[in-house]
Amino acid sequence: MDQFERLSQLPLRDDLRGQHPYGAPQIDVPVLLNVNENTFGVPLDAKEAILKAVADELDGLNRYPDREFTELRRALAAYLGHGMTQENIWAANGSNEVLQQLLQAFGGPGRKAMGFPPTYSMYPLLASGTGTGFVTGTRAADYSLSPESAAEQVRAQAPHIIFLCSPNNPTGTALGRDVVEAVYEAGEASQAIVIVDEAYMEFSHEGTPSALSLLPGRPRLVVSRTMSKAFALAGARVGYMAAAPEVADAVRLVRLPYHLSAITQATAVAALRNSDSLLANVEAIKIQRDRIVDELTRIGLTPAPSDSNFVFFGGLEDPRSVWEGLLAAGVLIRDVGIAGHLRVTAGTEQETTAFLSGLRAILAT
Ligand SMILES: Cc1ncc(COP(=O)(O)O)c(C=O)c1O
């Protein structure tokens, strides 16, 4: 009997039977461009500051940490600006956990969440884990989402929670503020919590609006962010949200006590104090992102416009063999399961060169 068969004999919840866990490949190759990390790493001055902050915590490690992570919430509010205060902020171990807590508080059995695929693959998984139903909306053929279409679909489905991802993963494109406004209004009837997932916002082109400016007067709106991408801290697991203070109160009802460790809090606060240094590579990444879009266009592929640190591109006859060819050349990118398409993270100049020259060689054969 294999492990899968043994699993099926356990008294697992019926709704989890046959499901597959999140599983982006973790393969040890020289160039890792598959999960949209910041490949520049943590700069030395930030590393030293984090090391010192963590060392300072060790004396008190026998005690539980500040359950309210007050200093971190204050630092995150200051980073976001837009008139945010610590009352507006909530954080957890990655924005995935923030999203899970929102589903625990506002979703659950008998309720449904809604997303607009292709979008972040964790939304339906998080819904399933919390016993929340999930309905999928549709986009136009070019993957865009108009305010009219989104609002009409929300009215038809009357969901309890709506996920808008901007810039969207995997397509990379940001949504207009008009889409968020229209969806929020359309969600009035079902009192929907509207989550705008801005995990990649720091990489957007100048002038791309954040939904943060829409928060005043919209108590059901939540903007989710992360330190995993622009801040180069995916390994530290820090995500956060900005919303009306009562949304944080709702999440307090479901969070585990002391869910953010003292080490995590110290790391994140030190990182925020060194945000200039940590975010210094964002511009370099944007240059590589734009370089990928230009180069892929030049070789006859169809990259989507990107406001993120990755590029979604089509025009491939056999994406699986391109993915495999790149892997054989030591470059791991992402097959997101969309016909004719692949997704690649913008890395350092050298990593981007490795990807582009590997791809050119594969397409030439
Ligand atoms: C759109 C989007 N949201 C959220 C996340 C989760 O990030 P984290 O849990 O590391 O904050 C990711 C990670 O890839 C993402 O692409």
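- For the chain, an unreviewed UniProt entry supplies the name Histidinol-phosphate aminotransferase and the organism Arthrobacter alpinus.
- Taken from UniProt, the Pathway (unreviewed entry) comment for the chain reads in full: "Amino-acid biosynthesis; L-histidine biosynthesis; L-histidine from 5-phospho-alpha-D-ribose 1-diphosphate: step 7/9."

## So, the overall build of the chain
(1) Moving on: Secondary structure assignment for the chain yields 13 helices and twelve strands.
(2) Moving on: The globule rule puts the C-alpha radius of gyration for 365 residues at 21 Å, and the 21 Å found for the chain is close to it.
(3) Moving on: Projected onto its principal axes, the C-alpha positions of the chain cover 60 × 55 × 50 Å.
(4) Moving on: Intrachain contacts of the chain at a sequence separation of at least 6 include 73% that bridge at least 24 residues.
(5) Moving on: About 16400 Å² of surface is accessible on the chain, with carbon and sulfur atoms providing 53% of the total.
(6) Moving on: Distance between charge centres in the chain, computed from 30 positive and 41 negative side chains, equals 4 Å.

## With respect to the domain arrangement of the chain
(1) Moving on: Along its sequence, the chain is carved into domain 1 (26–42 + 280–364) and domain 2 (44–273).
(2) Moving on: For domain 1 versus domain 2, the distance between C-alpha centres works out to 26 Å.
(3) Moving on: With 23 residues of domain 1 in contact, the opposing surface of domain 2 contributes 26 residues.
(4) Moving on: Taken together, the two surfaces of domain 1 and domain 2 that pack against each other cover about 1900 Å², and 57% of this comes from carbon and sulfur.
(5) Moving on: At the boundary of domain 1 and domain 2, one finds zero salt bridges.

## Quick look at a negative patch on the surface
(1) Moving on: Taken together, the side chains of Glu148, Asp178, Glu181 and Glu185 make up a negatively charged region of the molecular surface.
(2) Moving on: With three residues, helix α7 (residues 177–186) is the largest single contributor of residues to the negative patch.
(3) Moving on: With respect to the element layout, Glu181 can be found in helix α7.
(4) Moving on: Among the residues examined, Glu181 registers a relative accessible area of 32% and is labelled partly exposed.

## A few points about the UniProt feature "domain: Aminotransferase class I/classII large" (unreviewed entry) in the chain
(1) Moving on: As annotated in UniProt, the feature "domain: Aminotransferase class I/classII large" (unreviewed entry) corresponds to residues 31–356 in the numbering used here.
(2) Moving on: In residues 31–356, helix accounts for 38% and strand for 15%; the two terminal C-alpha atoms are 12 Å from one another.

## Points about the pattern of salt bridges
(1) Moving on: Evaluation of the coordinates by the stated rule reveals 16 salt bridges.
(2) Moving on: Between Arg225 and Glu202 there is a salt bridge; the shortest N-O distance is 3.8 Å. Placement of the pair is Arg225 in strand β7 (residues 221–226) and Glu202 in the loop between β6 (193–197) and β7, with a sequence separation of 23 residues. For the pair formed by Arg225 and Glu202, the shared burial category is buried.
(3) Moving on: It is possible to trace a salt-bridge network through shared partners that takes in Glu68, Arg73, Asp249 and Arg252.

## Side note on the UniProt feature "modified residue: N6-(pyridoxal phosphate)lysine" (unreviewed entry) in the chain
(1) Moving on: Residues annotated by UniProt as "modified residue: N6-(pyridoxal phosphate)lysine" (unreviewed entry) correspond here to Lys229.
(2) Moving on: One polar contact links the side chain of Lys229 to the main-chain carbonyl oxygen of Val35, over a distance of 3.2 Å.

## Let's talk about the nonpolar core
Within soluble globular proteins, side chains that are nonpolar tend to cluster in buried spots.
(1) Moving on: Residues Leu72, Leu102, Leu164 and Met227 are the most contacted members of the largest nonpolar core, which totals 76 residues.
(2) Moving on: When residues no more than four places from it in sequence are discounted, the contact partners of Leu72 are Ala91, Leu260, Ala268, Val269 and Leu272.

## Observations concerning the environment of Val331
(1) Moving on: With respect to the secondary-structure elements, Val331 resides in strand β11 (residues 331–332).
(2) Moving on: Sequence spacing of Val331 and Asn34 is 297 residues, and the spatial spacing of their C-alpha atoms is 8.9 Å.

## Concerning the side chain of Glu351
(1) Moving on: With respect to the element layout, Glu351 can be found in helix α13 (residues 349–364).
(2) Moving on: Arg291 provides the closest opposite charge to the buried, unpaired Glu351, separated from it by 9.7 Å.
(3) Moving on: With residues near it in sequence (within four places) discarded, Glu351 still touches Val31, Leu33 and Thr39.

## Remarks on the sheet that holds strand β12 (residues 342–345)
(1) Moving on: A sheet is described by the order of its strands in space; here three strands give the open sequence β9-β10-β12, paired in antiparallel fashion. Edge positions in the sheet fall to β9 (302–303) and β12, since each has one partner strand and no second.
(2) Moving on: Sheet topology places β9 next to strand β10 (residues 310–314); two bridges connect them, and they run antiparallel. Each bridged residue has a counterpart across the sheet, and for Thr302 the counterpart in β10 is Gly314.
(3) Moving on: Against the sheet, helix α11 (residues 282–298) touches β9, β10 and β12, its axis set at about 15 degrees to β10.

## Digging into the pairing of strand β5 (residues 161–165)
(1) Moving on: Buried residues dominate β5, accounting for five of its five residues.
(2) Moving on: Alternating positions in β5 separate into two faces, Ile161, Phe163 and Cys165 on one and Ile162 and Leu164 on the other, with burial throughout.
(3) Moving on: Taken together, the two bridges between strand β3 (residues 112–115) and β5 define a ladder with parallel strand orientation. Paired with Ala113 across the two strands is Ile161, which belongs to β5.
(4) Moving on: Relative to β6, β5 runs parallel, the two being bridged by five bridges. For Ile161, the partnering residue across the bridge sits in β6 and is Ile193.
(5) Moving on: Crossover β5 to β6 through α7 is right-handed.

Each value, and the rule that gives it
Residues numbered from 1 in each chain as written. Predicted model: local features only at pLDDT ≥ 70, side-chain atom pairs only at ≥ 80, totals over all residues. Heavy atoms only, no water. UniProt positions renumbered as here; feature names shortened; annotations may be inferred. Helix = DSSP H or I, 4+ residues; strand = E, 2+ residues; numbered from the N terminus. Rg over C-alpha atoms; globule rule 2.2 N^0.38 Å. Contact = heavy atoms within 4.5 Å. Areas by Shrake-Rupley, 256 points an atom, 1.4 Å probe, with all protein chains shown as cover. Lys, Arg positive; Asp, Glu negative; His and termini not counted. Charge placed at Lys NZ, Arg CZ, Asp CG, Glu CD. Domains from an automatic or database assignment. Buried area = accessible area lost by both parts, 1.4 Å probe. Salt bridge = Lys/Arg side-chain N within 4 Å of Asp/Glu carboxyl O. Patch = residues over 30% accessible without salt bridge, like charges linked within 9 Å, V, L, I, M, F, W, Y side chains within 5 Å. Buried < 20%, exposed > 50% of the residue type's maximum accessible area, 1.4 Å probe, protein only. Polar contact = N/O pair within 3.5 Å; in protein donor to acceptor, adjacent residues only side chain to side chain. Core = buried A, V, L, I, M, F, W, Y, C linked by side-chain atoms within 4.5 Å. Pairing = 2+ DSSP bridges. Axes fitted to C-alpha atoms, helices over the stretch in contact; angles between N-to-C directions. Right-handed = clockwise from strand over helix to strand, strands pointing away.

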